[in-house]
Amino acid sequence: MLALSALSISATANAEQSLQLNLTRGVTDISNKVYDLHMLVFYICLAIGVIVFGAMFWSILRHRKSRGVKPATFHDNVKVEIAWTIIPFLILFAMAVPATITLIKMDDTSDSDVSVLVTGSQWRWHYSYLDYDVEFQSIMATPREQIYGRLPQTENYLLEVDRPLVIPTGKKVRFLITSDDVIHSWWVPAFAVKKDANPGYINEAWTRVDEPGIYRGQCAELCGRDHAFMPVVVIAKEPAEFEAWIRGEEERLRTAREEEQRLLSMQMSMDELMELGQQVYMAQCAACHQPNGQGIPGVFPGLAGVGVSVGDQQAHIDVVVNGARGTAMQAYRNTLSMRELAAVITYERNAWGNNTGDMVQAADIHHFIQGNQ
């Protein structure tokens, strides 16, 4: 793209963004086609409005009673009826052709270079690269202090995550989008990608980003109490940088799995379990069950002195590892390591005055999972 053209588009996009009265151009070919289609329909509707209302007001003024105009006595006009049937058909046809072409291109996920499985759950995204041995959870990173008004809001308030999705530039990336609990919607406006994540069903979408950058979006489906806290962040990197990142992630996950196996034979002290458990609880559980373990009456159960946290230990492990069907309690089996699972369960059984004295180790989680496969 020529520099002058790029500057012109950038200036136009900045002006549109500051006015916030219209769609903004995206960063992909498809998103620009969507924008052009939107503007085409807008101008057609504008022209129709000018013609219809212009004719209406001209008729009202020109043929008003005060000018002594007598009403016409004709009943119908075949030519007019044919015209107002054919003309709207031609207008709809003019809009339908480019719209159909664009929709077909948007749904064509063939010949992709990279495939990513996107799984929504309350309230996070799980990304799994099908062509590589890489997967991770992406969780909102905006501090709760900002949400509660105790800290000033940053520029990307509610649009920050701990682990962004990384994709290569110049490559066709296919997204397979699903959910493991309720209906979510994975939406990145700059890509013109917005697909529902339905449990038990896979929707497909794709993008090709030519310029490196950070692109933000969020869940666009009302998926529960913390719906607003489920952002999407995508980083587009040059192919060489992407390959370096993916190899680093593969090595990190391989090392983590080896460390996990090593920890199975180790015993953590109560202090170590409580320290790590508190960190995990505040990051993963406090939004629903509250930092003080009191929960939200009628919505999320309390853990302080009641419930599974002071009941049967195996039942407690089962709920955290496998979730609870029919509730918002999701399974953390694929979200947390066995060490983190053991720590957070230990924390819940000994925090807020529960003081059961129970200590759960990574080996206990491993044995539980193995015994329930």
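None of the values given here were measured: they were computed from a predicted structure.

Novice: How would you summarise the packing of aromatic side chains if you had to cite specific residues and measurements?
Specialist: Summed over the entire model, instances satisfying the criterion amount to 16 aromatic pairs. Each ring, one from Y127 and one from F136, has its centre 5.9 Å from the other, and the planes form 65°; the classification is edge-to-face. As far as the burial class goes, Y127 and F136 line up, both buried. The interplanar angle of 45° and the centroid separation of 5.6 Å between the aromatic rings of Y281 and Y347 together place this pair among those described as tilted. With Y281 in helix α6 (residues 270-284) and Y347 in helix α9 (residues 338-350), this residue pair connects regions lying 66 residues apart in the sequence. Across this residue pair, the class does not change: Y281 and Y347 are buried. Site record: aromatic cluster; members linked through ring pairs are Y127, Y129, Y132, F136, F242 and W245. The side chain of R163 reaches across the aromatic face of F136, ending 4.4 Å from its centre. Between the NZ or CZ atom of K172 and the centre of the ring of W206, over which it lies, the distance is 4.5 Å.

Novice: Please provide a residue-by-residue account of a negative patch on the surface, values included.
Specialist: Side chains of D108, D111, D113 and D131 sit close together on the surface and give a patch of like negative charge. On the secondary structure map, D108 appears in the loop between α3 (78-106) and β1 (114-121). Among the residues examined, D108 registers a relative accessible area of 37% and is labelled partly exposed.

Novice: Quick one: what's the story with the environment of G248, residue by residue and with numbers?
Specialist: Among the secondary structure elements, G248 is positioned in helix α5 (residues 239-263). Classification of G248 by relative accessible area gives partly exposed; the value is 37%. Remark: the alpha-carbon pair of G248 and V134, spanning 114 residues in sequence, is separated by 9.7 Å.

Novice: Would you mind going over a nonpolar patch on the surface in detail, with residue names and values included?
Specialist: A grouping of V78, I82, I86, F89, L90, F93, V97 and I101 is seen on the molecular surface, where their side chains present a nonpolar patch of about 770 Å² in accessible area. Note that L90 resides in helix α3.

Novice: With reference to specific residues and values, describe the side chain of H184.
Specialist: Position of H184 relative to the elements: it lies in strand β6 (residues 184-188). A distance of 2.9 Å separates a polar atom in the side chain of H184 from a polar atom in the side chain of D181. Dropping the residues within four chain positions of it, H184 is found in contact with G120, S121, Q122, W125, S179, K195, D196, A197, C219, E221, C223 and M230.

Novice: So what's going on with the pattern of salt bridges? Which residues, and what values?
Specialist: In the structure shown here, the tally under the stated rule is 10 salt bridges. Note that K195 and D107 form a salt bridge whose closest N and O atoms lie 3.7 Å from each other. Residue K195 is located in strand β7 (residues 193-197), and its partner D107 is located in the loop between α3 and β1; the two are separated by 88 residues in the primary sequence. K195 sits in the partly exposed class, given a relative accessible area of 24%. The partner of E204 in a salt bridge is R174, and the shortest N-O contact between them spans 3.2 Å. One end of the pair, E204, is in strand β8 (residues 203-207); the other, R174, is in strand β5 (residues 173-179), and 30 residues separate them in sequence. In this structure E204 comes out as partly exposed when scored by relative accessible area, which is 32%.

Novice: An account of helix α8 (residues 313-322) is requested, with residue identities and associated values reported.
Specialist: Burial in α8 covers these residues: H316, I317, V320 and V321. Considered in projection along α8, the buried side chains sweep an arc of 120° and stay on one side of the axis. The inward-facing, buried residues of α8 abut α9 and α10 (362-371). With a side-chain oxygen positioned 3.3 Å from the backbone nitrogen of Q314, the residue opening α8 is D312. At the exit of α8 stands G323, carrying a positive phi of roughly 75°.

Calculation criteria
Residues numbered from 1 in each chain as written. Predicted model: local features only at pLDDT ≥ 70, side-chain atom pairs only at ≥ 80, totals over all residues. Heavy atoms only, no water. Phe/Tyr/Trp six-rings, centres within 6.5 Å; stacked < 30°, edge-to-face > 60°. Buried < 20%, exposed > 50% of the residue type's maximum accessible area, 1.4 Å probe, protein only. Helix = DSSP H or I, 4+ residues; strand = E, 2+ residues; numbered from the N terminus. Lys NZ or Arg CZ within 6 Å of the ring centre and 35° of its normal. Patch = residues over 30% accessible without salt bridge, like charges linked within 9 Å, V, L, I, M, F, W, Y side chains within 5 Å. Areas by Shrake-Rupley, 256 points an atom, 1.4 Å probe, with all protein chains shown as cover. Salt bridge = Lys/Arg side-chain N within 4 Å of Asp/Glu carboxyl O. Lys, Arg positive; Asp, Glu negative; His and termini not counted. Charge placed at Lys NZ, Arg CZ, Asp CG, Glu CD. Polar contact = N/O pair within 3.5 Å; in protein donor to acceptor, adjacent residues only side chain to side chain. Contact = heavy atoms within 4.5 Å. Arc of directions from axis to C-beta.

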